[in-house]
Amino acid sequence: MSNPRVRKIADRIQVIVAEMLERRIKDPRLGFVTVTDVRVTGDSQQASIFYTVLGAEEERASTAAALESAKGVIRSEVAKQLGMRIVPTLTFIPDALPESARELEEVLARAKQQDEEVAARRVEAYAGEADPYKKPRVIDEDDDLDDDEDDLEDEDDRA
């Protein structure tokens, strides 16, 4: 959908359908619906309308049936507001994004839990010193003076 005209048509269809679902369609089977995206083919013959429904599986099924029964009314309103010679055929598709996001959140939660378990085991089973980094050796001043005097005596003996 790289054509700007097709993108404008898709955006306009999304607004029209959302307004229709909010104001004009009074089907009791229709749940809390959000139109997430609309994709129109390059020849503007078909429009795929992606939607999400808040609720359980029963509410999703009843909403899908309500959208299918209201498809003709919605298409006629789209035709009236767009003013195009050929009106796209509407297809309602439930958006899989919320389920994918939920699965991804579950995977991330499991990974975080496993990381915490590994970190806890690492603390318990640490091999070696508590602080494994090398530190500079501390030299006493008395020892340092004695070594210098010994070095001077060794040089005097050689000369």
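Residues numbered from 1 in each chain as written. Predicted model: local features only at pLDDT ≥ 70, side-chain atom pairs only at ≥ 80, totals over all residues. Heavy atoms only, no water.

Caption draft 1: Inspection of the overall build of the protein at higher detail. If you tally the helices and strands in the protein, you get five helices and three strands. Taken from the N to the C terminus, the helices and strands of the protein come in the order α-β-β-α-α-β-α-α. For the protein, the share of sequence-separated contacts (at least 6 apart) that also reach a separation of at least 24 residues comes to 62%. If you sum the accessible surface of the protein, you get close to 12100 Å²; carbon and sulfur atoms cover 51% of it. (Helix = DSSP H or I, 4+ residues; strand = E, 2+ residues; numbered from the N terminus. Contact = heavy atoms within 4.5 Å. Areas by Shrake-Rupley, 256 points an atom, 1.4 Å probe, with all protein chains shown as cover.)

Caption draft 2: Representation of the nonpolar core in the model. Within the largest apolar cluster, 26 residues are counted, with the highest numbers of intra-cluster contacts made by Ile 13, Val 17, Leu 21, Val 38, Val 40, Ile 49 and Ile 74. Mapped by element, the contributors of at least two residues to this core are α1 (4–24), β1 (32–40), β2 (46–54), α2 (57–69), α3 (71–82) and β3 (89–94). Looking at this core element by element, the count peaks at eight residues for α1. (Core = buried A, V, L, I, M, F, W, Y, C linked by side-chain atoms within 4.5 Å. Buried < 20%, exposed > 50% of the residue type's maximum accessible area, 1.4 Å probe, protein only.)

Caption draft 3: Structural context of α2. Along its 13 residues, α2 runs 19 Å from first to last C-alpha, staying within 8% of the 18 Å computed at 1.5 Å per residue. Among the residues of α2, those classed as buried are Thr 63, Ala 66 and Leu 67. Across the axial projection of α2, the buried residues extend over an arc of 100 degrees, all falling on one side. Of the residues in α2, the exposed ones pointing more than 90 degrees away from the buried face are Glu 57 and Glu 58. The elements touched by buried residues of α2 are α1, β1, β2, α3 and β3. (Expected span 1.5 Å × (residues − 1). Arc of directions from axis to C-beta.)

Caption draft 4: View of the sheet that holds β2. Read across the open sheet, the three strands follow the order β1-β2-β3; overall the sheet is mixed. Since the sheet does not close on itself, it has two edges, and those belong to β1 and β3, each with one partner. Neighbour-to-neighbour, the strand axes of this sheet turn through a mean angle of 30 degrees, independent of strand direction. As defined by bridge partners, β1 adjoins β2 across eight bridges and the pair is classed as antiparallel. Its bridge partner lying in β2, Arg 39 is registered against Ser 48. Strands in contact with α2 are β1, β2 and β3; relative to β2, the strand with the most contacts, it is inclined by about 145 degrees. (Pairing = 2+ DSSP bridges. Axes fitted to C-alpha atoms, helices over the stretch in contact; angles between N-to-C directions.)

Caption draft 5: The arrangement of the packing of aromatic side chains in detail. In the structure shown here, the tally under the stated rule is one aromatic pair. Aromatic pair Tyr 51 and Phe 92: ring centres 6.4 Å apart, planes at 70 degrees, arrangement edge-to-face. Of this pair, Tyr 51 sits in strand β2 while Phe 92 sits in strand β3, and the two are 41 residues apart along the sequence. Each member of the pair, Tyr 51 as well as Phe 92, is classed as buried. (Phe/Tyr/Trp six-rings, centres within 6.5 Å; stacked < 30°, edge-to-face > 60°.)

Caption draft 6: How the structure looks around unusual backbone geometry. With a phi angle near 60 degrees, Ser 44 is a residue other than glycine that sits in the positive phi range. The residue Ser 44 is located in the loop between β1 and β2 in this model.

Caption draft 7: Quick peek at α3. Taking 1.5 Å per residue as the helical rise, α3 with its twelve residues ought to reach 16 Å, and the 16 Å between its terminal C-alpha atoms agrees with that figure. Residues of α3 that are buried include every one of Ile 74, Glu 77 and Val 78, and no others. Around the axis of α3, the buried residues are gathered within 105 degrees of arc, so they sit on the same side. Residues of α3 that are exposed and point more than 90 degrees away from the buried face comprise Gly 72 and Lys 80.

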